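Residue-level structure breakdown
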Amino acid sequence: MSMRATRVGEQMKKELGDILGRKLKDPRIGFLTVTDVEVSGDLQIAKVYISVLGDEKKREETLKGLAKAKGYIRSEIGNRIRLRKTPELQFEFDESVDYGNRIESLIAELNTKDHE
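To start, this report covers the structure provided alongside it. Numbering of residues starts from 1 in each chain and follows the order in which that chain's sequence is written. Predicted model: local features are reported for residues with pLDDT of at least 70 only, side-chain atom pairs are reported and counted for 80 or more only, and whole-chain, interface and lining totals are derived from all residues. Calculation of side-chain values draws on the structure's entire complement of heavy atoms; hydrogens and water are dropped beforehand.

Details of the environment of Ile29
The criterion, for reference: Going along the chain from the N terminus, every DSSP run of H or I of four or more residues is numbered as a helix, and every run of E of two or more is numbered as a strand. The rule is simple: take the accessible area with a 1.4 Å probe, protein chains only, and divide by the maximum for that residue type; under 20% is buried, over 50% is exposed, in between is partly exposed. Any two residues having at least one pair of non-hydrogen atoms within 4.5 Å are treated as being in contact.
Within the secondary structure, Ile29 sits in the loop between helix 1 (3-23) and strand 1 (32-39). Given a relative accessible area of 12%, Ile29 falls into the buried group. Once the C-alpha coordinates of Ile29 and Ile50 are considered, the two residues, 21 residues apart in sequence, prove to be 12 Å apart. Aside from chain neighbours lying at most four places away, what touches Ile29 is Leu24, Thr62, Gly65 and Leu66.

Structural data, given as structure tokens:
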């Protein structure tokens, strides 16, 4: 990934956090965090990694809400970041957060067994 793509990704992450946290009023979109944004080298596609608080149903609802608001979110990004063409947004769940939580709970479980 080029330095420029990395910089654009960082800027988008910051702006998306603000847009998703304050501007969107869709009740389907739960409490979510933008964990990372990977922008392709040609700045055409931005993969937005999110983590959502809640169960699988809540995650699916959030994804539907984001898909519906994608055009609005993209135009907001376009207004805030000066690029010739605003990248196409792709929302994906950040599995690393779940993975980290799973590892933590396994470690805690092992520690509990050690103390017994």
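From this point, the narrative continues.
Quick notes on the pattern of salt bridges
Pairing between side chains becomes possible if they bear opposite charge and their charged atoms approach one another. Here is the rule we go by: Between Lys or Arg on one side and Asp or Glu on the other, a salt bridge is scored when a side-chain nitrogen of the former is within 4 Å of a carboxyl oxygen of the latter.
Taken as a whole and judged by the stated rule, the model has 9 salt bridges. Note that Asp18 is salt-bridged to Arg22, the shortest N-O span being 3.0 Å. Placement of the pair is Asp18 and Arg22 together in helix 1, with a separation of 4 residues, close to one helical turn. A relative accessible area of 63% places Arg22 in the exposed class. The partner of Asp18 in a salt bridge is Arg80, with the nearest N and O atoms 2.8 Å apart. With Asp18 in helix 1 and Arg80 in helix 2 (residues 56-80), the pair connects residues that are 62 residues apart, well separated along the chain. A relative accessible area of 22% places Asp18 in the partly exposed class. Each member of the salt-bridge network shares a partner with another, and the members are Glu15, Asp18, Arg22, Glu76 and Arg80.

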